[in-house]
Amino acid sequence: AKARGRDRSERFDEEMRAEAMRLLDLEADLRRAIQRDAFEPHFQPIVRLADGVVVGHEALLRWKHELHGALPPSEFLRVCEDSGLIEQVDWLLYQRVVAWMGRHLEGYVSINVSPRHFHADDFAERLLRIIGDARVDPHRLRIEITEGALLDDAPRAARILNTLRAEGVLALLDDFGTGFSALSYLHRFPIQALKIDQSFIAGLSGETHAESLALVRAILALAGTLGIDTIGEGVETEHQRQLLTGLGCAYGQGYLFGRPVAQVEGRAPKARPAAV
Ligand code: C2E
Ligand code: CA
Ligand code: CA
Ligand code: CA
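The following refers to the structure shown. (Residues numbered from 1 in each chain as written. Chains lettered and ligands numbered in written order. Predicted model: local features only at pLDDT ≥ 70, side-chain atom pairs only at ≥ 80, totals over all residues. Heavy atoms only, no water.)

**Considerations on the overall build of the protein**
When you go through the protein residue by residue, the secondary structure sums to ten helices and nine strands. If one aligns the C-alpha atoms of the protein with their principal axes, the spans along those axes are about 75 × 55 × 50 Å. The long-range fraction of contacts in the protein, counting pairs at least 24 apart against all pairs at least 6 apart in sequence, stands at 67%. When the accessible surface of the protein is split by element, carbon and sulfur atoms take 52% of a total near 15,100 Å². Placing the 33 positive and 40 negative side-chain charges of the protein at their respective mean positions leaves the two points 2 Å apart. (Helix = DSSP H or I, 4+ residues; strand = E, 2+ residues; numbered from the N terminus. Contact = heavy atoms within 4.5 Å. Areas by Shrake-Rupley, 256 points an atom, 1.4 Å probe, with all protein chains shown as cover. Lys, Arg positive; Asp, Glu negative; His and termini not counted. Charge placed at Lys NZ, Arg CZ, Asp CG, Glu CD.)

Structure follows, in structure tokens:
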């Protein structure tokens, strides 16, 4: 038994070492990628549910990896955040987003902001500076933050959001419903829209239907009372679109309307069926 115990702990050590090496590797890889500016935004449309008109896009981080192609954040965001590299990565990405906005003049673009990053001393000033340098209308940029980022230091978060809003940059509350959802705090922040987390939208189909429907309804009622817009995330089916529309959710985002893609060339005219 003793020998087996040691085997097990040796194996455990080995696994730990392998995991540590993998993370170190990834971190070194990330540092090189920052040097090469190897990150690019993919853009996913946000539409008005009633008629499908594209009102904006969310910019989503992709790492153009030499070996693995365009990597989504699930592969590396955790390491980015733990190592503090996320700030550098995000600023490189925001530069690209803002440059893209200068060429494509329709709708707004929302960018994701990590909580720690949001609370960095010069976040608002720096963001406003890159918008100004690129001569982009600040009203076309929105930031997506999570409830955690607000509640970390509420007075400070409110100051940052107010500074940005004064210049035209509005805030969307991401993944709404998954955090504390302490509803009482919401009115203290200038929030333009709640993004209803995709888990609730997915839940609208299948066994969790009744529960999810009740939750989505409650979120929509709350938003309505506070005069906040709503965006349903992860809309994949026509059924979900219809449910959301029926419940009064004005906007949506998801594979049903379009996947994140490397570039959106203006608004591509939809092929019209020939008139008969
Ligand atoms: P998020 O902000 O909640 O972004 C939505 C995620 O859902 C994206 O994953 C998007 O590709 C995916 N998605 C969109 N429509 C659908 C759908 O219909 N079905 C399903 N199953 N998924 C859908 P992605 O691009 O892998 O990003 C994951 C997360 O990484 C984001 O979640 C966000 O928290 C973070 N992230 C993305 N870009 C950035 C960035 O530039 N900076 C920072 N700090 N974080 C980012
Ligand atoms: Ca987001
Ligand atoms: Ca989200
Ligand atoms: Ca998320």
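**Quick word on the layout of surface pockets**
Taken as a whole, the largest pocket holds about 850 Å³ of empty space. Looking at the largest pocket, it is lined by 33 residues, and the ones nearest its centre are Glu58, Leu60, Asn112, Asp174 and Asp175. Secondary-structure elements contributing two or more residues to the lining of the largest pocket are β2 (54-65), α2 (77-83), α3 (86-103), β6 (170-176) and α8 (198-203). The biggest single contributor to the lining of the largest pocket is β2, with five residues. Within the lining of the largest pocket, the residues separate by chemical class into 13 nonpolar, nine polar and eleven charged. (1 Å grid on protein atoms, 1.4 Å probe; cavity = no way out; pocket = protein on both sides within 12 Å on 5 of 7 lines; lining within 4 Å. Points joined across faces, edges and corners; volume = space filled by probe spheres on them. Nonpolar A, V, L, I, M, F, W, Y, C, P; charged D, E, K, R; others polar.)

**Details of unusual backbone geometry**
At Asp37, a position not held by glycine, the phi torsion is positive, near 55°. Structurally, the position occupied by Asp37 is in the loop between α1 (2-36) and β1 (39-48). Located in the positive-phi region is Arg135, a residue other than glycine, with phi close to 55°. Here Arg135 is to be found in the loop between α5 (123-133) and β5 (141-145). Classification of Arg135 as exposed rests on a relative accessible area of 77%. (Buried < 20%, exposed > 50% of the residue type's maximum accessible area, 1.4 Å probe, protein only.)

**Overview of the coordination of the calcium ion (ligand 2)**
Only Glu58 (OE), Asn112 (OD1), Glu144 (OE) and Asp174 (OD) from the protein coordinate the calcium ion (ligand 2), and they sit 2.1 to 2.3 Å from it. Motif for the calcium ion (ligand 2), donor spacing along one chain: E-x53-N-x31-E-x29-D. For the pair the calcium ion (ligand 2) and the calcium ion (ligand 3), the metal-to-metal distance amounts to 4.0 Å, and Asp174 bridges them. A residue pair is termed long-range when its members are at least 10 positions apart, and Asn112 in strand β4 (residues 108-112) and Glu144 in strand β5 qualify at 32 residues. Using a relative accessible area of 25% as the deciding quantity, one classes Asn112 as partly exposed. (Donors = N, O, S within 2.8 Å, 3.2 Å for Na, K, Ca; no water.)

**Examining the site of ligand 1**
Around ligand 1, the surrounding shell holds 23 residues, and the nearest of these are Arg62, Asp90, Ser114, Glu236 and Tyr255. A distance of 3.0 Å separates a nitrogen atom of ligand 1 from a polar side-chain atom of Gln44. Across the complex, the protein chains shield 82% of the 800 Å² of accessible surface that ligand 1 would expose by itself. With four residues, β2 is the largest single contributor of residues to the shell around ligand 1. Taken together, the residues of the shell around ligand 1 sort by class into ten nonpolar, six polar and seven charged. (Near = heavy atom within 4 Å. Polar contact = N/O pair within 3.5 Å; in protein donor to acceptor, adjacent residues only side chain to side chain.)

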